[in-house]
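Spelled out, the chains give:
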Amino acid sequence: MKKTLLIIPFLALFLGGCDNENKSDANKTSDATPTTTTSAPSQSQSASLEAPFDLTLMDESKMTLQKFDKGFKVEGNDEAILFNFFATWCPPCKAEIPHLNNLNDKFKGKLKIVSVLMEDKSKDEIDAFMKKFKINFGISYGENNFLFAKALGGVVGIPYMVLYKPNGEYATHYVGLVPEEMLESDINKVIN
């Protein structure tokens, strides 16, 4: 009985995701209206981003995003994109890495996975984290990550993922840890 009582809080945290209330870096989007429904964030919920903006990836390449009424166009992209908002301190974020690695391998050339870091870390710290967890997909870092989260209507908990079709249209989003099979099913719908 005692073991069961100890497991319940752990499962709630693990399956529900991490709350960013006590993490100052993740809270940079807290003034935005949170998106908690399964529909695309509405224009009124989104921050106004008229001009394109760049996300900086760890390999120093830039991903240029332009907001439009149905999602985000990514310059030069013809693949579906899964944006994964995460932090290095978040246990469910760490737990989903092997699944994202698998999906990245399985859908190579059809899906781009980009993890969007929601905390301030040095490039060396992020590189060490990538090596430790053998991450095989892109990670963006820097202040524009917070701008992107705000443009989505705010990220109220992590992990938080948003899936876009190859044309940039919003497909769906996920809050908390999501089974790999569910992600795979939704990705198949978007790329076919």
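Here's a quick rundown of the structure. Since the structure is predicted, the reported quantities are computational estimates derived from the model, not experimental observations.

## Concerning the nonpolar core
Core analysis: the biggest nonpolar cluster contains 52 residues, and L65, F72, L82, F83, F85, L111 and F148 have the highest contact counts within it. Ranked by residue count, the leading element in this core is strand β5 (residues 80-86), at six residues. Apart from the residues within four sequence positions on either side, L111 is in contact with E79, A80, I81, L82, L103, N104, L163 and I187.

## Thoughts on helix α6 (residues 180-191)
Under the 1.5 Å per step criterion, the end-to-end length of α6 is 16 Å for twelve residues, consistent within 8% with the ideal 16 Å. Where α6 is concerned, the buried positions are E180, L183, E184, D186, I187 and V190. Tucked inside the fold, the buried residues of α6 contact β5, α3 (97-106), β6 (111-117), β9 (160-164) and β10 (170-175).

## Overview of unusual backbone geometry
Residue I158 is joined to P159 through a cis peptide bond whose omega torsion reads 0 degrees. Along the polypeptide, P159 turns up in the loop between β8 (157-158) and β9. Look at E60: it is not a glycine, yet its phi comes out positive at around 70 degrees. Locating E60 in the fold gives a position in the loop between β2 (53-57) and β3 (62-68). For E60, a relative accessible area of 41% gives the class partly exposed.

## Looking at the packing of α3 against α6
In contact at an axis separation of 10 Å, α3 and α6 are set at 30 degrees when each is read in the N-to-C sense. In terms of their interaxial angle, α3 and α6 are classed as roughly parallel. Here α3 and α6 pass one another in a crossing that is right-handed. Listed contacts from α6 to H99, N102, L103 and K106 of α3 are E180, L183, E184 and I187. In terms of residue class, the contact of α3 with α6 is built from three nonpolar, two polar and three charged.

## With respect to the pairing of β6
Among the seven residues in β6, six count as buried, and that is most of the element. Across seven bridges, β5 lies against β6 in parallel orientation. Bridging from a neighbouring strand, N84 pairs with S115 of β6. For the segment spanning β6, helix α4 (residues 123-132) and strand β7 (residues 138-141), crossover handedness is right-handed.

## Observations concerning the packing of aromatic side chains
This structure, assessed with the given rule, holds eleven aromatic pairs. When the ring of F72 is compared with that of F148, the centres are 5.0 Å apart and the planes differ by 85 degrees; the resulting orientation is edge-to-face. Taken as a pair, F72 in strand β4 (residues 71-74) and F148 in helix α5 (residues 144-151) lie far apart in primary sequence, 76 residues in all. For the pair formed by F72 and F148, the shared burial category is buried. These aromatic residues form a ring-pair network of at least three members: F53, F72, F83, F85, F148, Y160, Y164 and Y170.

About the cut-offs
Residues numbered from 1 in each chain as written. Predicted model: local features only at pLDDT ≥ 70, side-chain atom pairs only at ≥ 80, totals over all residues. Heavy atoms only, no water. Core = buried A, V, L, I, M, F, W, Y, C linked by side-chain atoms within 4.5 Å. Buried < 20%, exposed > 50% of the residue type's maximum accessible area, 1.4 Å probe, protein only. Helix = DSSP H or I, 4+ residues; strand = E, 2+ residues; numbered from the N terminus. Contact = heavy atoms within 4.5 Å. Expected span 1.5 Å × (residues − 1). Axes fitted to C-alpha atoms, helices over the stretch in contact; angles between N-to-C directions. Parallel < 35°, antiparallel > 145°, perpendicular 65-115°, else oblique. Left-handed = near helix turned anticlockwise from the far one by under 90°. Nonpolar A, V, L, I, M, F, W, Y, C, P; charged D, E, K, R; others polar. Pairing = 2+ DSSP bridges. Right-handed = clockwise from strand over helix to strand, strands pointing away. Phe/Tyr/Trp six-rings, centres within 6.5 Å; stacked < 30°, edge-to-face > 60°.

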